[in-house]
Amino acid sequence: MNEIEFLSWVRGPGFQIATIIFVAGLIIRLGETLLLGRKTNLAEAKGSEMSSGLRTIASRMLPPDMETFKRSTFTVTAGYIFHIGLFVTIFLFAPHILLLKDIIGFGWPSIPTQIVDAIAIVSIITLLAILAHRITDKVLRYLSGPQDYIVWLVTITPLVTGYMAFHRLGGSPVTLLALHILSVEVLMVLFPFTKLMHTFTLFLARWYNGAISGYRGVES
Amino acid sequence: MSASLKKGISALKEQVDSTVASFFSSCVHCGMCAEACLFYTETGDPERTPINKTEPLRRIWFSEYTLVGRLLKMLGLAKAVDEQLLSDWETLVYDSCTLCGRCSMVCPVGIDITDMIRKTREGMAVAGHAPNGLIGATQRAVTIGSPMGVKLPALQAQIGHIEKDTGMTIPLDVEGAEYMLLLSSMEIMNFPEFIEAVAKIFKHAGVSWTISSEAFEATNSGIQIGVSDIAAELVQRTVDAAEKLKVKTVISPECGHAYMAIRWDGPNLIGKPFNFKVRHILEVLDEFRKDGRLKLSGKEVQKLTYHDPCQIARRGGVIEEPRNLINMFADDFVEMPDTGKMNWCCGAGGGVSSNERADEIRLQVFQRKKDQLDAIHVDGIISACSNCRIHLEDGLEEYHMDMPVLSLTETIAEQLEEN
Amino acid sequence: MTKDLSRKDRTLGEALRNQGISRRSFLKFCAATASMMALPPSMIPAIAHALEKARRPSVIWLSFQECTGCTESLTRAHTATIESLIFDSISLDYHHTLQAAAGHAAEAAREAAMEENDGKYLLVVDGSIPLGNPGYSTIAGISNLDMLTDTARGAAAIISVGTCAAFGGIPNAKPNPTGAVSVSDIIKDKPIINVPGCPPIPVVITGVLTHYLTFGTIPELDHLARPKAFYGQSIHDRCYRRPFYDKGLFAETFDDEGARLGWCLYKLGCKGPSTYNACATTKWNDGISFPIEAGHPCIGCSEPHFWDGGGFYKALSMPTENISKTAVYTAAGAVAGAAAVGVMNRAKKNKISESHEKVSIDDLTR
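Residues numbered from 1 in each chain as written. Chains lettered and ligands numbered in written order. Predicted model: local features only at pLDDT ≥ 70, side-chain atom pairs only at ≥ 80, totals over all residues.

Draft legend 1. Main features of the overall build of chain B. Each helix and strand in chain B was counted, giving 23 helices and eight strands. On C-alpha atoms alone, chain B measures out to a radius of gyration of 22 Å, which is about the 22 Å that the 2.2 N^0.38 rule sets for 419 residues. Viewed in the frame of its principal axes, chain B has a C-alpha envelope of about 75 × 50 × 35 Å. Per-residue burial over chain B gives 60% buried out of 419 residues. (Helix = DSSP H or I, 4+ residues; strand = E, 2+ residues; numbered from the N terminus. Rg over C-alpha atoms; globule rule 2.2 N^0.38 Å. Buried ≥ 20, exposed ≤ 12 C-beta atoms within 10 Å, placed from the backbone.)

Draft legend 2. Region of the structure containing the overall build of chain C. Regarding its fold elements, chain C presents 16 helices and nine strands. Relative to the globule expectation of 21 Å for 366 residues, the C-alpha radius of gyration of chain C, 30 Å, shows a markedly less compact shape. Once the C-alpha set of chain C is aligned to its principal axes, its extents read approximately 120 × 50 × 45 Å. Buried positions account for 43% of the 366 residues belonging to chain C. Counted over contacts in chain C with a minimum sequence separation of 6, partners at least 24 positions apart contribute 71%. (Contact = placed C-beta atoms within 7 Å.)

Draft legend 3. Molecular detail of the nonpolar core. All names here are of chain B. Counting residues in each nonpolar core, the largest one holds 154 residues, and the members touching the most others are Cys33, Trp61, Met180, Leu181, Ala231 and Leu285. Ranked by residues supplied to this core, first place goes to helix α16 (residues 228-245) with nine residues. Not counting residues within four places of it along the chain, the set of residues in contact with Leu181 comprises Val198, Trp209, Ile211, Ile251 and Pro253. (Core = buried A, V, L, I, M, F, W, Y, C linked by C-beta atoms within 7 Å.)

Draft legend 4. Layout of the interface of chain B and chain C. Contact with chain B, which involves 21 residues of that partner, is made by 14 residues of chain C. Of all the secondary-structure elements, those providing two or more residues to the side of chain B that touches chain C are α1 (5-15), α6 (55-65), α10 (113-126), α11 (132-143) and α16 of chain B.

Draft legend 5. Region of the structure containing the environment of A:Arg60. Relative to the elements of secondary structure, A:Arg60 occurs in the loop between α2 (49-59) and α3 (66-71). Given 20 C-beta atoms within a 10 Å radius, A:Arg60 is considered buried. The spacing of A:Arg60 and A:Arg206 is 146 residues in sequence and 7.5 Å in space, taken between C-alpha atoms. Each residue touching A:Arg60, except ones within four places of it in the same chain, is listed here: A:Arg206, B:Pro108 and B:Gly110.

Draft legend 6. Geometry of the interface of chain A and chain B. At the interface, 47 residues of chain A touch 49 residues of chain B. For the side of chain A that touches chain B, the secondary structure elements donating two or more residues are α1 (3-34), α3, α7 (138-143) and α10 (198-215) of chain A. It is α10(A) that provides the largest number of residues to the side of chain A that touches chain B, a total of nine residues.

Draft legend 7. Spotlight on the sheet that holds strand β7 (residues 380-383) of chain B. All names here are of chain B. Pairing is parallel across the open sheet formed by four strands, whose spatial order is β6-β5-β7-β8. A single partner strand is all that each edge strand has here, and the edge strands are β6 (330-333) and β8 (405-407). If you compare each strand with its neighbour and ignore which way they point, the axes differ by 45 degrees on average. Pairing analysis gives three bridges linking strand β5 (residues 300-306) to β7, with the strands arranged parallel. Following the sheet pairing, Thr305 is matched in β7 by Ile381. Docked against the sheet, helix α23 (residues 408-415) engages β5, β7 and β8, running at close to 70 degrees with respect to β8. (Pairing = 2+ DSSP bridges. Axes fitted to C-alpha atoms, helices over the stretch in contact; angles between N-to-C directions.)

Draft legend 8. The domain arrangement of chain C, seen in detail. All names here are of chain C. Segmenting chain C into domains produces domain 1 (5-226) and domain 2 (233-345). For domain 1 and domain 2, the distance between their C-alpha centres works out to 34 Å. With twelve residues of domain 1 in contact, the opposing surface of domain 2 contributes eleven residues. Elements supplying a minimum of two residues to the side of domain 1 that touches domain 2: α9 (162-167) and α11 (202-215). (Domains from an automatic or database assignment.)

Draft legend 9. Looking closely at helix α8 (residues 144-152) of chain C. Those residues of α8(C) not exposed but buried are C:Asn144, C:Met147, C:Leu148, C:Thr151 and C:Ala152. Buried positions in α8(C), seen along its axis, are confined to an arc of 115 degrees and lie on one side of it. (Arc of directions from axis to C-beta.)

Draft legend 10. Representation of the sheet that holds strand β3 (residues 121-126) of chain C. All names here are of chain C. Taken in spatial order, the five strands of this open sheet run β2-β1-β3-β7-β9, and their pairing is parallel. Two strands bound the open sheet, and with one partner strand each, they are β2 (91-94) and β9 (192-195). When strand polarity is set aside, the average angle formed by the axes of neighbouring strands in this sheet is 25 degrees. Contacts from helix α7 (residues 103-116) reach β1 (58-63), β2 and β3, with the element oriented near 125 degrees to β2. Along the sheet, α8 makes contact with β1, β3 and β7 (155-161), crossing β1 at roughly 165 degrees.

Draft legend 11. Layout of the packing of helix α12 (residues 152-166) of chain B against helix α14 (residues 193-205) of chain B. All names here are of chain B. Between α12 and α14, the shortest axis-to-axis distance is 10 Å and the interhelical angle comes to 50 degrees. Judged on the interaxial angle alone, α14 and α12 are oblique. For the element pair α12 and α14, the recorded crossing hand is right-handed. Contact with α12, carried on its side by Gln158, Ile162 and Thr166, involves Ile195, Glu196 and Ala199 of α14 and no other residues of that element. By residue class, the composition of the contact of α12 with α14 is three nonpolar, two polar and one charged. (Parallel < 35°, antiparallel > 145°, perpendicular 65-115°, else oblique. Left-handed = near helix turned anticlockwise from the far one by under 90°. Nonpolar A, V, L, I, M, F, W, Y, C, P; charged D, E, K, R; others polar.)

Draft legend 12. Quick peek at the domain arrangement of chain B. Residues and elements named next belong to chain B. Each assigned domain of chain B is listed with its residue range as follows: domain 1 (5-130), domain 2 (145-289) and domain 3 (297-415). Computed from C-alpha atoms alone, the centre-to-centre distance between domain 1 and domain 2 is 33 Å. Counting from both sides, the interface comprises seven residues of domain 1 and, opposite them, four residues of domain 2. When grouped by side-chain class, the residues that make up the side of domain 1 that touches domain 2 number four nonpolar, no polar and three charged.

Draft legend 13. Local environment of the pairing of β9(C). All names here are of chain C. Neither face of β9 is left uncovered, since the one carrying Ile192 and Asn194 and the one carrying Ile193 and Val195 both have all their residues buried. In this structure, β7 lies alongside β9, joined through four bridges in parallel fashion. Within β9, the position partnered with Ile158 by the bridge is Ile192.

Draft legend 14. Region of the structure containing the confidence of the model for chain C. Residues of chain C with pLDDT of at least 70 account for 93%, and the chain-wide mean is 87. We note a pTM of 0.85 for the whole complex and an ipTM of 0.95 for its interfaces. (pLDDT = per-residue confidence, 0-100.)

Draft legend 15. Fine view of unusual backbone geometry. That bond from C:Lys174 to C:Pro175 is cis: its omega, 0 degrees, falls within 30 degrees of zero. C:Cys198 connects to C:Pro199 through a cis peptide bond whose omega is 0 degrees. Tracing the sequence through the fold places C:Pro199 in the loop between β9 and α11. One non-glycine residue with positive phi stands out, namely B:His400, at about 55 degrees. At C:Ala38, a residue that is not glycine, the phi angle is positive and equals roughly 55 degrees. Within the secondary structure, C:Ala38 sits in the loop between α3 (23-36) and α4 (44-53).

Draft legend 16. View of the environment of B:Thr98. All names here are of chain B. Inspection of the secondary structure puts Thr98 in the loop between α8 (83-95) and α9 (102-106). Given 32 C-beta atoms within 10 Å, Thr98 falls into the buried group. Measuring from C-alpha to C-alpha, the distance between Thr98 and Gly350 comes to 4.1 Å, with 252 residues separating the pair along the chain. Residue contacts for Thr98: discarding those within four places in its chain leaves Cys310, Cys345, Gly347, Ala348, Gly349, Gly350 and Val352.

Take a look at the structure:
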């Protein structure tokens, strides 16, 4: 297979397969989670579940209290940096917006490529630091299994291959682009079967947390 | 003698609902919950990471309720819940957790880890993996009516002393009273001044109240050991008594988990709403304050702080009320660093203090509370849970700190204007 | 046909002087050629000397499945350019479009040139070679494959001019009905220089020839056997519209505001980032313009399989299938699947609830 055939495959059937697995996996995972349902709370409420749940979705996105921040400084800081970095590189970069516009029908303004570039580098470095932290911290070492490391790899690879493809570092641009697209397809395929699902399920989890606490009159 | 692994697994299966599934799907292994749990921060043992404590429940969720998990289970590739796991997890789920809820507050993806540890106990208990101390307490609670074995005569004796000393009558079984007070065995045996204080305050406020001789126990071992059926049985006794006496409101006393048991879990345990209200004694006192029924004359001059009992504050929602009350009489009140809903657990709730095996760790983790106190240099601590009170006293003694632990209700009673 | 030996024996320098080209003009050409090939100025005398003394080598030009565009590009003979004069000075012994002879005489000229210059002649090929059926393209009844292998045997080097000869080109595009392949797919034992483009820029061809005449060697080639001097950089890296790409300013259609303002054409499918050629610097028609400057996205014509790159008006990074349709259909099916799994989960829970035995204190111990 020559490189343009490789690129044509990842742009064509590859992307379709990845989309099918991603969409089907996502919906089935969300369905099997939500459809379990939960019992109605029969106690006398002190606060509203819906508004508390929504508030927690937003508030858990904000930095925690000072004591918690002091105790988990690296996790919180690195978490913010690479999540924001992923958001910017995926959703605010012109070629990606073009792609999304083609799929969902509308786009939005992009930010200059040099800024996205710099943010990509910062995100890559941060992810490397995160791996080092996961390997050295005793709690994380205890908690982590193969899935944590695979997901890390599958997350950093699109960033690295994207950077390389954009800068045409090391080899033919066609091959680099194909590898980048392929790495994203791998991410899409593994997404529904790993902790990457938190991207969607955290809205449920935070809502439930806020609802449960809010029912009792506590802002969580 | 019929606990079994099979029952345990079945119980765990029953616990999985959409909240559990959402929570387990979202965990990214960030480890922040460890840093929020005093059982980790004061011991450094990574196994005590809160989310790790839920491993038995997680395995059941995965292999029973996810498509991928079911497939892997069919291929024999899913991690199972076995005797070894439950045995290893006993000290994590019971000895090293007070269900304080701090982990649930910091999880960035919003997992209510506490709720899931509580659910994990359902499986552990019927598999025979609950601590002996808790099992004994539960057996006594069911058969005798109190985990400490306190029967009506003991209560009557305490009541007798109070009536003799103060001349007040403690109203027993008064039908149509507005409030029905519950009492924890701890208060009856160790802090009977609480009963006296309540009597004094209600008389001062001019509000009718009563205690049921048939169901006066506030504590609920079923909640602590984690068996909803037993908890329901205990709650039903209170419900029957409250309905029999046709009271408007049942009062949960200065006890932590009792409030959770009767106020928030109660109707869900028995499967129908109550036709009476449930309030914590502090909520009732705060109502009196708002209605102008509390007139205090004295002031506390010593520097005081307030320890928020976890089940009342963070898990219960009674956070502002104690402060409103304290501000009535305290001249020099300072909050602990990390206060209100983020206050640190004393280390003894959730069944830990009923578990002799956990005595050592319970005192070890008191270091966290000590560090909080050391930062503010107070003369005394106020609290509103007898279990916290006893443990705070134990801890202060262990760490050679000399300061009184005051009951908020008792302090209010002391400061009442004499009529 | 008589052989004009005197013309053949004349050196390039003599030929140019004969045409009235001053030494000054000639040196200017050598300097321009040197700079285009990124050679230092010190090489200019060497180029001048070599070219002057260059015996007009025999060049045999084979045209296979081609459109003659490469020849057209090369021989823009309206103006008396130096390039076309140089061609007076190469002994172009066989070229379908340009030769005077036809029929048997033309083939005889080719065979004679091959015999006389055995091992020394330059073979230039344009057009692809069909392997599907030799009948698809024949010359004088000889299949392209046979003529190529035959003629290549005595060649010193081969230059594949145009994307068809270099990579298979348009005939090679799906479904490739003739089984078209490139020269390098067939000839494995001769040095081959690929000069792709559809067509290639004229001065790129003459630059390569000049290099060969000067040094007698093949210029430095990239991994696709293209001279790095002309194919070492992408259009994207040298495009004058690059600042717009970097700022995220794109033309969305061919006649919108952005297009009128000359914004980047990436969204309209420009293959500039992955296309290596000299168009953005050397340009076409003696440096007048190139496709992007004229408002059309680069189609990547100097790259292999450019015709199969998923469409000229779709960027290379875009999916070729209808992803939103795929997603919607998948979602519809998945909702049904999720409902099924949900039912399974509920059924399991209900079964367990129904078989729930009330727990008593006896169940707490073994």
